[in-house]
Amino acid sequence: SKEELDQAQQVLEQTRGELAAVRRDAEAMGATLSARDQRIAALETDVRRLQDAEAAALSAKDNEGMLHSTTKQMGADLQAQVDNLHSTTNVMRRQVDERTAELDNARNAAVALERESASLKHRL
């Protein structure tokens, strides 16, 4: 009936709106993940530089103990930051996966509603 068709079209439009919101969320999370991946790479580079500096400090006789201790602590601090970013990035990746699944479900629902709408139009 006309009411069913109108209702199906309203549900379809609402689903499309929800689908667009989920897509925007997934895109924003993807951008955040990309920025985090870049930050992780930069921190990992810093860790390697500090490890190189630590090796150089060990070869120097003067201030060896102080340089080694300080460099090692800085390296450990940076490694802790890298580990924390890895952890939070993995959480965000799981959230993106969940959003992607929601997006797929919403897309499938929209397709089903479009088919139902077409069927109702055909019957009218």
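Conventions adopted
- Residues numbered from 1 in each chain as written.
- Predicted model: local features only at pLDDT ≥ 70, side-chain atom pairs only at ≥ 80, totals over all residues.
- Heavy atoms only, no water.
- Core = buried A, V, L, I, M, F, W, Y, C linked by side-chain atoms within 4.5 Å.
- Buried < 20%, exposed > 50% of the residue type's maximum accessible area, 1.4 Å probe, protein only.
- Helix = DSSP H or I, 4+ residues; strand = E, 2+ residues; numbered from the N terminus.
- Contact = heavy atoms within 4.5 Å.
- Salt bridge = Lys/Arg side-chain N within 4 Å of Asp/Glu carboxyl O.

*Asks:* So what's going on with the nonpolar core? Which residues, and what values?
*Replies:* Listed in full, the 7 residues of the largest apolar core are I40, L43, V47, L50, L78, V82 and L85. Broken down by secondary-structure element, the contributors of at least two residues to this core are α1 (2-59) and α2 (64-123). No other element matches α1, which puts 4 residues into this core. Leave out the neighbours within four places in its chain, and V47 touches G75, L78, Q79 and V82.

*Asks:* How would you summarise the pattern of salt bridges if you had to cite specific residues and measurements?
*Replies:* Under the definition given, this model contains 8 salt bridges. We note a salt bridge from R16 to E114, for which the minimum N-O separation is 2.6 Å. With R16 in helix α1 and E114 in helix α2, the pair connects residues that are 98 residues apart, well separated along the chain. Linking D104 and R107 is a salt bridge whose minimum nitrogen-to-oxygen distance equals 3.1 Å. Note that D104 and R107 are positioned in helix α2 at a spacing of 3 residues, about one turn of the helix. D104 sits in the partly exposed class, given a relative accessible area of 33%. Residue R107 is classed as partly exposed on the basis of its relative accessible area of 35%.

Function cannot be inferred from these measures alone, as they are strictly geometric.
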